[in-house]
Amino acid sequence: DSGVTQTPKHLITATGQRVTLRCSPRSGDLSVYWYQQSLDQGLQFLIQYYNGEERAKGNILERFSAQQFPDLHSELNLSSLELGDSALYFCASSRRPGSGELFFGEGSRLTVL
Amino acid sequence: DQQVKQNSPSLSVQEGRISILNCDYTNSMFDYFLWYKKYPAEGPTFLISISSIKDKNEDGRFTVFLNKSAKHLSLHIVPSQPGDSAVYFCAASRLANAGGTSYGKLTFGQGTILTVHP
């Protein structure tokens with residue numbers, strides 16, 4: 001158990017819909033990262049927050065947005081969903097962001113039909 | 001622009017033998033290199049890391065070697081055990097750049113599926 005909690009674990013929805021994925025980082029971790037893993041793909045960095053502020057952005061689509069709340073939990077919002085958005089979405093947290101040692105949740109598997 | 005590459009999608013090894021997983025990178029500005037292991041239905045878990053100023057780091061059965069001139073790193077597992085069967089991801093990290101915007105994000109390779117046969 002990494003201490004990072006992601007909900008929901010599985011989500012099936014239709015094209016054009018909007019979903020919200022939630023992440024609770026490990027206790028005391030200020031940094032939260034979101035990654036996307038599509039079929040046969042490695043983990044693609046989406047976005048990073050540190051203590052409520054956006055710190056780095058990767059290949060995140062404009063249809064996607066995220067935020068980190070004062071209690072440090074984070075949400076990833078995916079809108080106008082397309083078939084290609086079907087993927088595993090991982091959240092990770094870190095106490096020492098510079099080291100690269102991230103603790104990952106089990107992921108949220110999104111299926112868009 | 002794939003800055004971290006794992007060119008071998010899979011590797012099969014006999015129990016007790018050495019497993020060698022390879023990774024190449026293109027960005028000489030990376031500060032840390034890491035290996036993560038992933039089992040099905042689980043998130044990746046940190047395995048071992050190495051700073052860019054070192055060329056070797058060892059932790060039990062796991063050793064990571066870094067060749068900066070070749071922009072290549074490898075993970076050695078000796079001896080390999082069936083429980084090591086998993087997907088192994090190579091990753092690289094930069095500390096904050098001048099704009100402070102890359103504070104620890106990881107760039108991952110595609111992963112290598114390691115199968116250790118009893």
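Residues numbered from 1 in each chain as written. Chains lettered and ligands numbered in written order. Predicted model: local features only at pLDDT ≥ 70, side-chain atom pairs only at ≥ 80, totals over all residues. Heavy atoms only, no water.

Chemist: I tried to follow the interface of chain B and chain A on my own but got confused; where do I start?
Modeler: Reports often express the size of an interface as the amount of accessible area lost when the parts come together. With 23 residues of chain B at the interface, the matching set in chain A holds 23 residues. Across the interface of chain B and chain A, roughly 1,800 Å² is buried in total on both sides, 58% from carbon and sulfur atoms. Run the count over chain B and chain A and you get 0 salt bridges. Here chain B and chain A share 2 residue pairs in polar contact (both at pLDDT 80 or more) between them. Counting residues per element, the ones that place at least two in the side of chain B that touches chain A are β4 (32–38), β5 (45–51), β9 (86–93) and β10 (106–108) of chain B. The biggest single contributor to the side of chain B that touches chain A is β4 of chain B, with 4 residues. Residues of the side of chain B that touches chain A, tallied by class, amount to 11 nonpolar, 9 polar and 3 charged. (Contact = heavy atoms within 4.5 Å. Buried area = accessible area lost by both parts, 1.4 Å probe. Salt bridge = Lys/Arg side-chain N within 4 Å of Asp/Glu carboxyl O. Polar contact = N/O pair within 3.5 Å; in protein donor to acceptor, adjacent residues only side chain to side chain. Helix = DSSP H or I, 4+ residues; strand = E, 2+ residues; numbered from the N terminus. Nonpolar A, V, L, I, M, F, W, Y, C, P; charged D, E, K, R; others polar.)

Chemist: Quick question: what am I supposed to make of the side chain of D84 of chain B here?
Modeler: Residue and element names in this part refer to chain B. Here D84 lies in the loop between β8 (72–77) and β9. A relative accessible area of 2% places D84 in the buried class. For D84, the residues in contact, after removing those within four places along its chain, are K37, R61, F62, I77, P79, L114 and V116. (Buried < 20%, exposed > 50% of the residue type's maximum accessible area, 1.4 Å probe, protein only.)

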